[in-house]
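# Summary of the model geometry
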Amino acid sequence: QTMKISFKNDYSEGAHPSILNRMLESNLEQQQGYGCDTYTNKAKALIAEKLNNPQSKIYFVSGGTQANLLALGAMLRPYESVITCETSHICDSETGAIEATGHKIHITPAIDGKIQLDDIREVATCYTNFPHQVVPRLVYISNATELGSIYTLQELKDLYHLCQELNLLLYIDGARLAHALNASGNDITWEDLARYTDAFYIGATKNGAIMGEAIVLNNPELQLGFEYHIKQKGALLAKGRFLGIQFLELFQNNLFNELALHANAQAKRIQDAFIEKGVHFLSHTPTNQVFPILTNEQVALLQRQFDFYIWKKVDETHTAIRLITSWATKPENVDILINAIKKL
C-alpha cells in the first residue's frame, strides 16, 4: 500500500534543518539552565526589537495548549471567565484545559471564524447578579483563526477598544500567527500586536520548529509572578536553551516569515485549483488552511491518495474538508493534488 500524501496538518514534518544544525553545533556548549542561556536572551531581544514596546515581556514554553493554559490560568481570578467564539481552539480542541483551571467559557457565534463585537458586549454586560455569577474578564481570539481567516488592523483596534471600555483583557492565540502576518491582505504589524492586545503568543511549532511558543505579556499587571506560575505548572524547561535556539534561528534571518510565506503560497495554489473548478469554501482564507466544500463522492476520491481532515458536514451530499500546507510542503506534492482536483 502506497503512503498517502498528507495535507492533514502543519506539524507532520520535523524541523527546519538550520534549527537542527544550530542545535548540533551548540550541543556540547555549557549554558545556564531554565532559559537563562545566551541563545534565549538573544532570541528574546530580537522579538522585543520587533515589538518595540519596553513594557512587553517574553516567555518561552513548549506548546500551544500549554501556552493558553498558562496565560489564561494566570490572568484570571478564580471567579472570572472567558468570552470566545464557537470555532475557537479552546472550545473543543484542548480537552477542557481552560475549564479544568476552573474558568467558564462563554461561546458566541462566529462569522468566518471571527468573534463579533456585539456578542462580546452582550456577554460582558449580562452577568449582573452579584455575587452569584461569574465575571467575564477575557476575550480570546486566534490569528489566523481556526478557519484560516485573519483579523484586520481595524478589527483588532475595535476589539481592543471595546475590551478597554468593558474592562476586559484581549488575548490572541498565535499558533499560526506567522501565517497571518505573512498573509495577502494582512495589515497588522508586530508593533500593533504589542499595542492592541494585553497578551498573545507566537507559535513556532507550526512554523518550522521542533516545538515552542513565545508568550508575550504586554500588560505589566499580568507579568507579576508569571515566572513562578510557569515553574509551578511544570512548564519551565531545564534545557531552555533548546527553545531559545529555535526562536533565535527563526528570527535572526527572516526564516520565520519565509517559512510561512512558503506555506501560504502552496495553499493558494490549492485554493486556486478549487476556484477553477467552481468549488465554494467554508471560509475566506489567505493563510495555509483551505476549506473546500465538496460532494461526498469527491471527498472519497481524494481520500484514496491524500490524507486530510473531514471538517464539517454541510448537508446530506456535501462535506467541507480541511487541507493544510506547511513550511516543508513539497511543490511537487501540491502538483499531484492539483491534478487530482482537475480530474474531479
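Residues numbered from 1 in each chain as written. Predicted model: local features only at pLDDT ≥ 70, side-chain atom pairs only at ≥ 80, totals over all residues. Heavy atoms only, no water.

### Remarks on helix α2 (residues 38–51)
Here α2 is 14 residues long and its end C-alpha atoms lie 20 Å apart, about the 20 Å a rise of 1.5 Å per residue gives. All of the buried residues in α2 are Y39, T40, A43, I47 and L51. End-on view of α2: buried residues confined to an arc of 110 degrees, all on one side of the axis. Along α2, exposed side chains directed more than 90 degrees from the buried face belong to K42 and E49. Put simply, D37 is the residue that caps the front of α2, since its side-chain oxygen is 3.1 Å from the backbone nitrogen of Y39. N52 occupies a position one or two residues after α2 and carries a positive phi of about 50 degrees. (Helix = DSSP H or I, 4+ residues; strand = E, 2+ residues; numbered from the N terminus. Expected span 1.5 Å × (residues − 1). Buried < 20%, exposed > 50% of the residue type's maximum accessible area, 1.4 Å probe, protein only. Arc of directions from axis to C-beta. Polar contact = N/O pair within 3.5 Å; in protein donor to acceptor, adjacent residues only side chain to side chain.)

### Concerning a nonpolar patch on the surface
A surface patch of nonpolar side chains, amounting to about 290 Å² of accessible area, comprises Y11, Y309 and W311. Structurally, the position occupied by Y11 is in the loop between β1 (5–6) and α1 (17–25). (Patch = residues over 30% accessible without salt bridge, like charges linked within 9 Å, V, L, I, M, F, W, Y side chains within 5 Å. Areas by Shrake-Rupley, 256 points an atom, 1.4 Å probe, with all protein chains shown as cover. Salt bridge = Lys/Arg side-chain N within 4 Å of Asp/Glu carboxyl O.)

### Structural notes on the packing of α2 against helix α12 (residues 241–252)
At a minimum axis separation of 7 Å, α2 and α12 run at an interaxial angle of 40 degrees. As summarised for this structure, α2 and α12 are arranged oblique, according to the angle between their axes. With respect to the hand of their crossing, α2 and α12 are arranged in left-handed fashion. Taking contact as the criterion, the partners of Y39, T40, K42, A43, L46, I47 and K50 in α2 are, on α12, R241, G244, I245, F247, L248, F251 and Q252. (Axes fitted to C-alpha atoms, helices over the stretch in contact; angles between N-to-C directions. Parallel < 35°, antiparallel > 145°, perpendicular 65-115°, else oblique. Left-handed = near helix turned anticlockwise from the far one by under 90°. Contact = heavy atoms within 4.5 Å.)

### Regarding the pattern of salt bridges
Overall, the coordinates contain nine salt bridges when judged by the stated rule. One salt bridge connects R22 with E249, and the closest N-O pair in it is separated by 3.3 Å. Taken together, the positions of R22 in helix α1 and E249 in helix α12 put the pair 227 residues apart, joining distant regions of the chain. The salt bridge involving R121 is made with E165; its shortest N-O contact spans 2.9 Å. Placement of the pair is R121 in helix α6 (residues 117–126) and E165 in helix α7 (residues 153–165), with a sequence separation of 44 residues. Classification of E165 by relative accessible area gives exposed; the value is 52%.

### A closer look at the packing of aromatic side chains
Summed over all chains, the structure comprises twelve aromatic pairs. When the centroid spacing of 6.1 Å and the interplanar angle of 50 degrees are considered together, the rings of F7 and F306 count as tilted. Separated by 299 residues along the polypeptide, F7 in the loop between β1 and α1 and F306 in strand β12 (residues 306–307) bring together distant segments of the chain. In this structure, F7 and F306 share a single accessibility class: buried. (Phe/Tyr/Trp six-rings, centres within 6.5 Å; stacked < 30°, edge-to-face > 60°.)

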